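The residues making up each chain are set out below.
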Amino acid sequence: MNSLRLLILSTPVGPLGSGRGGGVELTVANLARVMRQRGHRVAIAAPAGSVLSGQPAARTDALDCQIEIIQVSGSCQPTAQTQNRSAPVIVGSALANAWAYARQAQANYDLLINFAYDWLPFYLTPFLTTPVAHFVSMGSLNDCLDEAIFQLSAQFPATLGAYTRSQADTFVSPTGTAPLRWQILGSAIDIAQYDYCDRPGDSLAWVGRISPEKGLTAAIAAAVAANRPLKIFGKLETTDYWQSIQQSLSATAAALITYCGFLPTPQLQQALGHCQALLVTPQWVEAFGIGVIEALACGVPVIAYRRGGPAEIVCHGKTGWLVEPGDRAGMVAAIAQIEQIDRYACRQQAETMYSLAAWGDRCEQWFNQIISGTIGS
Ligand code: HBI
């Protein structure tokens, strides 16, 4: 296998390790390590202050110090899901600076790997001489990125990567044009970092960026209706959103809800593993739901809306329950039946379907196809 020289350009919404990039931060760190383990040379361009954090030092130190992090200056990108249609271009942004670096350094790389959910990298691709693989991290959110993706797909077929089919299907190509070609890559975690727990307490769990589209209020409502404690893990994306949630809680509800903070993987998995079930109630088409496979890896069954990535992961009745979106009574009924799910079956699903090795194979094959130009033929 030839050794590739890879430049990964992370999400510009925040430094790696800050939590502001949500699941992409874990995906970028996992991809860098998996590719390094396979002998490829890896560099990551990410907003200044980035670290490859949250992993047990012993096992990954050697790998991590072989992965160069290029700290990119400039202001972080506002998150696409909070912008309206006339969102301005940010001048002097970390996004623009990252791609200025990519243009200047591209001759040192065989492939650029984009994780920014922003118009610019898609628009710039034809101007660059080094090929670009685009990991699209969310479903369709705005017209300008949709348009850039349609243009790119026509010129560079199958350089678009998505986590799941339902995420890819949210991008509907204009009538009369060829359907978009996607590489459906799924995602993965380092299973060895997650401990199987078969003795849970009585608490439910919720994991994710704490912002409206993730649907935390629906999970709280279900836990309160079921009269079960709920532990919340994740980055407070906007404090006023969290405050509005807290103000809306009755005293009884507030007594059930605990915010546990944004924890690095070792601490998160330790606390998550002791929960009865993970509640997944996104208000949008969740592209994947990396928290879902983290819970499964710990033996924690998942109760999720039947929509988007989580619905493609959870095996209904075997590793959790799927409930119609918005159906609070259905969530409460599923919570009452959670003991019917075999926790070890959850662990086994994570081990067989979401290991880094299988995902690394898919990514490596895709990268080689793009570089050799055999893709899209
Ligand atoms: N918004 N503009 C923009 N660019 C991103 O790369 C981006 C985002 N919002 C969320 C996000 N990335 C990550 O949290 C992904 O994990 C979804």
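Cut-offs applied
Residues numbered from 1 in each chain as written. Predicted model: local features only at pLDDT ≥ 70, side-chain atom pairs only at ≥ 80, totals over all residues. Heavy atoms only, no water. Pairing = 2+ DSSP bridges. Helix = DSSP H or I, 4+ residues; strand = E, 2+ residues; numbered from the N terminus. Axes fitted to C-alpha atoms, helices over the stretch in contact; angles between N-to-C directions. Buried < 20%, exposed > 50% of the residue type's maximum accessible area, 1.4 Å probe, protein only. Contact = heavy atoms within 4.5 Å. Polar contact = N/O pair within 3.5 Å; in protein donor to acceptor, adjacent residues only side chain to side chain. Domains from an automatic or database assignment. Buried area = accessible area lost by both parts, 1.4 Å probe. Salt bridge = Lys/Arg side-chain N within 4 Å of Asp/Glu carboxyl O. Core = buried A, V, L, I, M, F, W, Y, C linked by side-chain atoms within 4.5 Å. Near = heavy atom within 4 Å. Areas by Shrake-Rupley, 256 points an atom, 1.4 Å probe, with all protein chains shown as cover. Nonpolar A, V, L, I, M, F, W, Y, C, P; charged D, E, K, R; others polar. Phe/Tyr/Trp six-rings, centres within 6.5 Å; stacked < 30°, edge-to-face > 60°.

### So, the sheet that holds strand 12 (residues 302-305)
Taken in spatial order, the six strands make up an open sheet running 10-9-8-11-12-13, and their pairing is parallel. A strand with exactly one partner marks an edge of an open sheet, and here the two such strands are strand 10 (257-259) and strand 13 (320-323). Neighbour-to-neighbour, the strand axes of the sheet open up by a mean angle of 20 degrees, direction not taken into account. Pairing of strand 9 (residues 230-233) with strand 10, which is carried by three bridges, proceeds in the parallel orientation. Counted as the bridge partner of K231 is T258 from strand 10.

### Some words on helix 14 (residues 343-353)
Within the sequence span of helix 14, burial applies to R343, A345, C346, R347, Q349 and A350. Where the residues of helix 14 are buried, they touch helix 11 (290-297) and helix 12 (308-313). If you check the start of helix 14, you find a side-chain oxygen 2.8 Å away from the backbone N of Y344, and it comes from D342.

### A closer look at the domain arrangement of the chain
For the chain, the assigned domains read domain 1 (5-188 + 355-372) and domain 2 (191-353). Taking only C-alpha atoms, the centre of domain 1 and the centre of domain 2 are 27 Å apart. The interface of domain 1 with domain 2 comprises 27 residues on the first partner and 25 residues on the second. Taking both sides of the interface into account, the surface hidden between domain 1 and domain 2 amounts to around 2000 Å²; carbon and sulfur atoms contribute 62%. Scanning the region where domain 1 abuts domain 2 turns up zero salt bridges. In this assembly, domain 1 and domain 2 are joined by five residue pairs in polar contact (both at pLDDT 80 or more).

### Examining the nonpolar core
With 88 residues, the main nonpolar core has L31, F135, I303 and F367 as its most contacted residues. Both domains that meet at this core, namely domain 1 (5-188 + 355-372) and domain 2 (191-353), each give it at least three residues. Those residues in contact with L31 that sit more than four places away from it in its chain are I8, I113, F115, F135, W359, C363 and F367. Core analysis: the next-biggest nonpolar cluster, separate from the first, contains 18 residues, A45, Y109, L112 and L128 among them.

### A word on the sheet that holds strand 7 (residues 182-184)
With parallel pairing, seven strands are arranged side by side in an open sheet as 3-2-1-4-5-6-7. The open sheet has two free edges, formed respectively by strand 3 (68-72) and strand 7, since each of these has just one partner strand. Taking the axes of each pair of neighbouring strands and ignoring which way they run, one obtains an average angle of 25 degrees across the sheet. Of the pairings in the sheet, the one linking strand 4 (residues 111-114) to strand 5 (residues 132-135) comprises three bridges and is parallel in character. Note on strand 5: the bridge partner recorded for N114 is H134. Running at roughly 165 degrees to strand 2 (residues 41-47), helix 1 (residues 23-37) makes contact with strand 1 (5-9), strand 2, strand 4 and strand 5 of the sheet.

### Some points on the site of the ligand
In the vicinity of the ligand lie 20 residues, with T11, G21, A80, Y117 and D118 positioned nearest. In this structure, A80 approaches the ligand through a main-chain N or O atom, which is 2.8 Å from a nitrogen atom. In the model, a nitrogen atom of the ligand is placed 2.9 Å from a nitrogen or oxygen of the Q81 side chain. Compared with its free state, where it exposes 390 Å², the ligand has 96% of that area covered by protein. Residue classes in the shell around the ligand are distributed as nine nonpolar, eight polar and three charged.

### Points about the packing of aromatic side chains
Two aromatic rings, taken as a pair, are described by how far apart their centres are and by the angle between their planes. Inspection of every chain in the model, using the stated rule, returns 11 aromatic pairs. Seen from their ring centres, Y123 and F127 are 5.4 Å apart, and the 40 degrees between their planes marks the pair as tilted. Owing to a relative accessible area of 42%, Y123 belongs among the partly exposed residues under this scheme. Centroid distance F135 to W366: 5.4 Å. Interplanar angle 75 degrees. Geometry classified as edge-to-face. Residue F135 is found in strand 5, and its partner W366 is found in helix 15 (residues 356-372); the two are separated by 231 residues along the sequence. On the accessibility criterion, W366 (1% relative accessible area) is buried. Pairwise contacts between aromatic rings join F115, F135, W366 and F367 into one cluster.

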